[in-house]
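The residues making up each chain are set out below.
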Amino acid sequence: IDEKIPLVALESSIVSHGMPYPQSLEMAKEIEEIIKYEGVQPATLAVLDGKIQIGLDPEVLDAFTKFRNVEKVSSSNLDSTIFSKKPGGTTVSGSLRICKLASISVFVTGGIGGGHRDASESMDISADLQAIKESEIITVCAGPKTILDISKTYEFLETLSVPVFSYRQKNLPAFWYRDTDLLSTHRVE
(Lines give C-alpha, C1' and ligand atoms only; values in the text may rest on other atoms or scores of the structure.)
Protein backbone atom coordinates (compact mmCIF):
# COMPACT_ATOMS: atom_id res chain seq x y z
CA ILE A 1 0.00 0.00 0.00
CA ASP A 2 2.78 2.44 0.95
CA GLU A 3 4.57 1.77 -2.35
CA LYS A 4 1.33 2.41 -4.32
CA ILE A 5 1.39 -1.10 -5.84
CA PRO A 6 -2.17 -2.22 -6.59
CA LEU A 7 -3.22 -4.72 -3.95
CA VAL A 8 -5.91 -7.38 -4.12
CA ALA A 9 -7.07 -9.32 -1.08
CA LEU A 10 -7.81 -13.05 -1.28
CA GLU A 11 -9.92 -15.06 1.15
CA SER A 12 -8.39 -18.13 2.73
CA SER A 13 -11.33 -20.35 3.68
CA ILE A 14 -11.10 -22.05 0.29
CA VAL A 15 -7.59 -23.11 1.35
CA SER A 16 -8.50 -24.04 4.91
CA HIS A 17 -11.97 -25.50 4.33
CA GLY A 18 -12.73 -25.80 0.63
CA MET A 19 -10.02 -27.98 -0.87
CA PRO A 20 -7.79 -30.78 0.41
CA TYR A 21 -4.02 -30.46 0.69
CA PRO A 22 -1.95 -30.39 -1.60
CA GLN A 23 -4.52 -29.14 -4.16
CA SER A 24 -5.32 -26.20 -1.86
CA LEU A 25 -1.71 -25.05 -1.84
CA GLU A 26 -1.31 -25.50 -5.60
CA MET A 27 -4.49 -23.50 -6.25
CA ALA A 28 -3.47 -20.70 -3.86
CA LYS A 29 -0.03 -20.39 -5.47
CA GLU A 30 -1.51 -20.42 -8.97
CA ILE A 31 -3.99 -17.65 -8.16
CA GLU A 32 -1.28 -15.53 -6.57
CA GLU A 33 0.93 -16.00 -9.66
CA ILE A 34 -1.90 -14.97 -12.01
CA ILE A 35 -2.42 -11.81 -9.96
CA LYS A 36 1.32 -11.01 -9.89
CA TYR A 37 1.50 -11.48 -13.67
CA GLU A 38 -1.02 -8.64 -13.99
CA GLY A 39 1.26 -6.34 -11.96
CA VAL A 40 -0.83 -6.54 -8.81
CA GLN A 41 0.25 -7.68 -5.35
CA PRO A 42 -1.88 -10.54 -3.95
CA ALA A 43 -2.60 -10.51 -0.22
CA THR A 44 -4.09 -13.72 1.12
CA LEU A 45 -5.91 -12.97 4.38
CA ALA A 46 -5.84 -15.19 7.47
CA VAL A 47 -5.77 -15.08 11.26
CA LEU A 48 -2.67 -16.58 12.87
CA ASP A 49 -1.52 -16.43 16.50
CA GLY A 50 -4.15 -13.86 17.39
CA LYS A 51 -3.25 -11.47 14.58
CA ILE A 52 -4.76 -10.59 11.22
CA GLN A 53 -2.35 -11.54 8.46
CA ILE A 54 -2.49 -9.61 5.18
CA GLY A 55 -0.36 -11.54 2.74
CA LEU A 56 1.20 -14.90 3.57
CA ASP A 57 4.77 -15.59 2.55
CA PRO A 58 5.29 -18.99 0.82
CA GLU A 59 6.38 -20.84 3.98
CA VAL A 60 3.45 -19.53 6.01
CA LEU A 61 0.98 -20.29 3.19
CA ASP A 62 2.35 -23.85 2.96
CA ALA A 63 2.01 -24.35 6.72
CA PHE A 64 -1.47 -22.78 6.76
CA THR A 65 -2.78 -25.24 4.15
CA LYS A 66 -1.72 -28.12 6.42
CA PHE A 67 -3.30 -26.83 9.66
CA ARG A 68 -6.14 -28.77 11.26
CA ASN A 69 -8.93 -27.30 13.42
CA VAL A 70 -8.92 -23.98 11.58
CA GLU A 71 -11.77 -21.58 12.39
CA LYS A 72 -13.91 -20.47 9.47
CA VAL A 73 -13.78 -16.71 10.04
CA SER A 74 -16.78 -14.60 9.12
CA SER A 75 -17.49 -11.03 10.14
CA SER A 76 -19.29 -12.29 13.25
CA ASN A 77 -16.44 -14.35 14.72
CA LEU A 78 -13.34 -12.43 13.60
CA ASP A 79 -12.87 -10.89 17.06
CA SER A 80 -13.32 -14.17 18.95
CA THR A 81 -10.90 -15.97 16.60
CA ILE A 82 -8.28 -13.30 17.21
CA PHE A 83 -8.87 -13.53 20.97
CA SER A 84 -8.66 -17.35 20.97
CA LYS A 85 -5.40 -17.28 18.96
CA LYS A 86 -6.74 -20.13 16.83
CA PRO A 87 -5.77 -20.16 13.16
CA GLY A 88 -8.55 -18.81 10.95
CA GLY A 89 -9.42 -19.03 7.27
CA THR A 90 -11.39 -15.98 6.15
CA THR A 91 -14.75 -16.17 4.39
CA VAL A 92 -16.14 -13.40 2.18
CA SER A 93 -17.68 -11.48 5.09
CA GLY A 94 -14.60 -11.89 7.28
CA SER A 95 -12.31 -10.85 4.43
CA LEU A 96 -14.38 -7.77 3.65
CA ARG A 97 -14.20 -6.69 7.29
CA ILE A 98 -10.40 -7.02 7.18
CA CYS A 99 -10.26 -5.15 3.86
CA LYS A 100 -12.16 -2.26 5.44
CA LEU A 101 -9.79 -2.17 8.43
CA ALA A 102 -6.74 -2.17 6.11
CA SER A 103 -8.14 0.16 3.41
CA ILE A 104 -7.91 -2.51 0.70
CA SER A 105 -10.35 -1.69 -2.09
CA VAL A 106 -10.40 -4.91 -4.19
CA PHE A 107 -11.19 -8.39 -2.94
CA VAL A 108 -11.26 -11.68 -4.89
CA THR A 109 -13.02 -14.90 -3.96
CA GLY A 110 -14.22 -18.03 -5.70
CA GLY A 111 -17.95 -17.95 -4.97
CA ILE A 112 -20.04 -15.82 -2.68
CA GLY A 113 -22.53 -17.13 -0.16
CA GLY A 114 -26.21 -16.31 -0.53
CA GLY A 115 -29.69 -17.68 -0.06
CA HIS A 116 -29.83 -21.40 0.59
CA ARG A 117 -32.33 -23.54 -1.31
CA ASP A 118 -34.68 -23.71 1.67
CA ALA A 119 -34.19 -20.05 2.65
CA SER A 120 -37.91 -19.30 2.53
CA GLU A 121 -38.36 -21.72 5.49
CA SER A 122 -34.95 -21.65 7.19
CA MET A 123 -34.03 -17.98 6.60
CA ASP A 124 -30.50 -19.29 5.96
CA ILE A 125 -28.95 -16.39 4.10
CA SER A 126 -25.19 -15.89 4.16
CA ALA A 127 -23.66 -12.90 5.91
CA ASP A 128 -21.65 -12.44 2.71
CA LEU A 129 -24.50 -10.56 1.03
CA GLN A 130 -24.90 -7.97 3.78
CA ALA A 131 -21.11 -7.61 4.02
CA ILE A 132 -20.88 -6.93 0.28
CA LYS A 133 -23.69 -4.38 0.62
CA GLU A 134 -22.08 -2.57 3.55
CA SER A 135 -18.54 -2.51 2.18
CA GLU A 136 -17.14 -0.07 -0.31
CA ILE A 137 -14.86 -2.80 -1.58
CA ILE A 138 -15.11 -4.24 -5.08
CA THR A 139 -15.79 -7.98 -4.76
CA VAL A 140 -14.63 -10.00 -7.76
CA CYS A 141 -16.03 -13.54 -7.81
CA ALA A 142 -17.26 -16.39 -9.96
CA GLY A 143 -20.84 -15.76 -8.85
CA PRO A 144 -22.84 -17.42 -6.08
CA LYS A 145 -21.83 -20.89 -4.92
CA THR A 146 -23.75 -23.59 -6.76
CA ILE A 147 -25.10 -25.20 -3.56
CA LEU A 148 -27.29 -22.11 -3.17
CA ASP A 149 -30.53 -20.96 -4.71
CA ILE A 150 -28.91 -18.82 -7.41
CA SER A 151 -32.01 -16.89 -8.43
CA LYS A 152 -32.92 -16.06 -4.80
CA THR A 153 -29.34 -14.96 -4.15
CA TYR A 154 -29.40 -12.73 -7.22
CA GLU A 155 -32.79 -11.32 -6.16
CA PHE A 156 -31.43 -10.62 -2.67
CA LEU A 157 -28.47 -8.73 -4.16
CA GLU A 158 -30.96 -6.64 -6.13
CA THR A 159 -33.02 -6.01 -2.98
CA LEU A 160 -29.86 -4.80 -1.23
CA SER A 161 -29.11 -2.50 -4.22
CA VAL A 162 -25.80 -4.25 -4.89
CA PRO A 163 -24.79 -3.64 -8.51
CA VAL A 164 -23.83 -6.86 -10.29
CA PHE A 165 -21.54 -6.81 -13.31
CA SER A 166 -20.77 -9.82 -15.52
CA TYR A 167 -17.43 -9.87 -17.30
CA ARG A 168 -17.61 -10.42 -21.07
CA GLN A 169 -20.99 -12.12 -20.93
CA LYS A 170 -24.61 -11.11 -20.52
CA ASN A 171 -25.59 -13.69 -17.91
CA LEU A 172 -24.66 -14.25 -14.29
CA PRO A 173 -22.12 -17.03 -13.61
CA ALA A 174 -22.46 -19.47 -10.72
CA PHE A 175 -19.10 -20.53 -9.31
CA TRP A 176 -18.34 -23.68 -11.35
CA TYR A 177 -20.72 -22.68 -14.17
CA ARG A 178 -20.04 -19.81 -16.52
CA ASP A 179 -23.70 -19.21 -17.37
CA THR A 180 -26.88 -19.47 -15.28
CA ASP A 181 -29.34 -18.11 -17.88
CA LEU A 182 -30.04 -15.26 -15.41
CA LEU A 183 -29.52 -11.94 -17.21
CA SER A 184 -26.97 -9.81 -15.38
CA THR A 185 -27.78 -6.21 -14.57
CA HIS A 186 -24.59 -4.97 -16.26
CA ARG A 187 -22.02 -6.35 -18.67
CA VAL A 188 -18.41 -5.13 -18.75
CA GLU A 189 -15.70 -5.97 -21.24
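Cut-offs applied
Residues numbered from 1 in each chain as written. Predicted model: local features only at pLDDT ≥ 70, side-chain atom pairs only at ≥ 80, totals over all residues. Heavy atoms only, no water. Buried < 20%, exposed > 50% of the residue type's maximum accessible area, 1.4 Å probe, protein only. Helix = DSSP H or I, 4+ residues; strand = E, 2+ residues; numbered from the N terminus. Arc of directions from axis to C-beta. Contact = heavy atoms within 4.5 Å. Pairing = 2+ DSSP bridges. Salt bridge = Lys/Arg side-chain N within 4 Å of Asp/Glu carboxyl O. Core = buried A, V, L, I, M, F, W, Y, C linked by side-chain atoms within 4.5 Å. Axes fitted to C-alpha atoms, helices over the stretch in contact; angles between N-to-C directions. Parallel < 35°, antiparallel > 145°, perpendicular 65-115°, else oblique. Left-handed = near helix turned anticlockwise from the far one by under 90°. Nonpolar A, V, L, I, M, F, W, Y, C, P; charged D, E, K, R; others polar.

A.B. asks: How do you make sense of helix α3 (residues 58–66) when you look at a structure like this?
C.D. replies: Counting along an α-helix, one turn takes 3.6 residues, and residues three or four places apart therefore face a common direction. Within α3, the full set of buried residues consists of L61, F64 and T65. Projected down its long axis, α3 shows its buried positions confined to an angular sector of 95 degrees, all on one face. In the core, the buried residues of α3 are packed alongside α1 (13–18), α2 (23–37), β2 (41–48) and β5 (88–90).

A.B. asks: Just to check I follow, could you spell out the pairing of β2 for this structure?
C.D. replies: Within a regular strand, side chains alternate between the sheet's two faces. Taking burial as the measure, the eight residues of β2 include seven buried ones, the bulk of the element. Two strands pair when backbone bridges link them, and strand β1 (residues 7–10) and β2 are joined in this way by four bridges, in the parallel orientation. Note on β2: the bridge partner recorded for L7 is Q41. As paired elements, β2 and strand β3 (residues 51–54) share four bridges and run antiparallel to each other. Note that in β3 the partner of A46 across the bridge is Q53. Hairpin connection, β2 to β3: the antiparallel pair is bridged by two residues, and D49 has positive phi, about 50 degrees.

A.B. asks: Looking at this structure, how should I read the side chain of S93?
C.D. replies: Along the polypeptide, S93 turns up in helix α5 (residues 92–102). Every residue in contact with S93, bar those within four places of it in the chain, is listed here: S74, S75, A127, D128 and A131.

A.B. asks: Mind showing me how you'd approach the pattern of salt bridges here?
C.D. replies: A side chain with one charge may pair with a side chain of the opposite charge, provided their charged atoms come close. With the rule as written, the count across this model stands at six salt bridges. Close ionic contact of K152 with D149 constitutes a salt bridge, the shortest N to O distance being 3.8 Å. Judged by its relative accessible area of 34%, K152 is partly exposed. Salt-bridge contacts for E189 lead to R187; the nearest nitrogen and oxygen are separated by 2.6 Å.

A.B. asks: Sorry if this is basic, but what is going on with the nonpolar core here?
C.D. replies: Among soluble globular proteins, nonpolar side chains are generally buried collectively. Judged by nonpolar contacts, the single largest core of 26 residues is most densely connected at L96, C99 and F107. If you list the elements that add at least two residues to this core, you get β1, β2, α5, α7 (127–134) and α8 (150–159). In terms of residue count, the dominant contributor to this core is α5 (four residues). Dropping the residues within four chain positions of it, F107 is found in contact with V8, A9, L10, E11, V92, S95, L96, C99, I137, I138, T139 and V140.

A.B. asks: When you look at the packing of α5 against α7 in this model, what are you seeing that I'm missing?
C.D. replies: Axis angle and axis distance: for two packed helices, these are the angle between their axes and the distance between the axes, and together they describe the pair. With their axes 8 Å apart at the nearest point, α5 and α7 run at an angle of 25 degrees to one another. Comparing the axis directions of α5 and α7 gives the class roughly parallel. Crossing hand, α5 versus α7: left-handed. Side by side, α5 and α7 meet where V92, S93 and L96 of the first sit next to A127, D128, A131 and I132 of the second. In the contact of α5 with α7, the residues fall into five nonpolar, one polar and one charged.

A.B. asks: Explain the environment of G94 here, please?
C.D. replies: Checked against the element boundaries, G94 lands in helix α5. Between the alpha carbons of G94 and L45 there is a distance of 9.2 Å; along the sequence they are 49 residues apart. Contacts of G94, omitting those with residues within four sequence positions, involve V73, S74 and S75.

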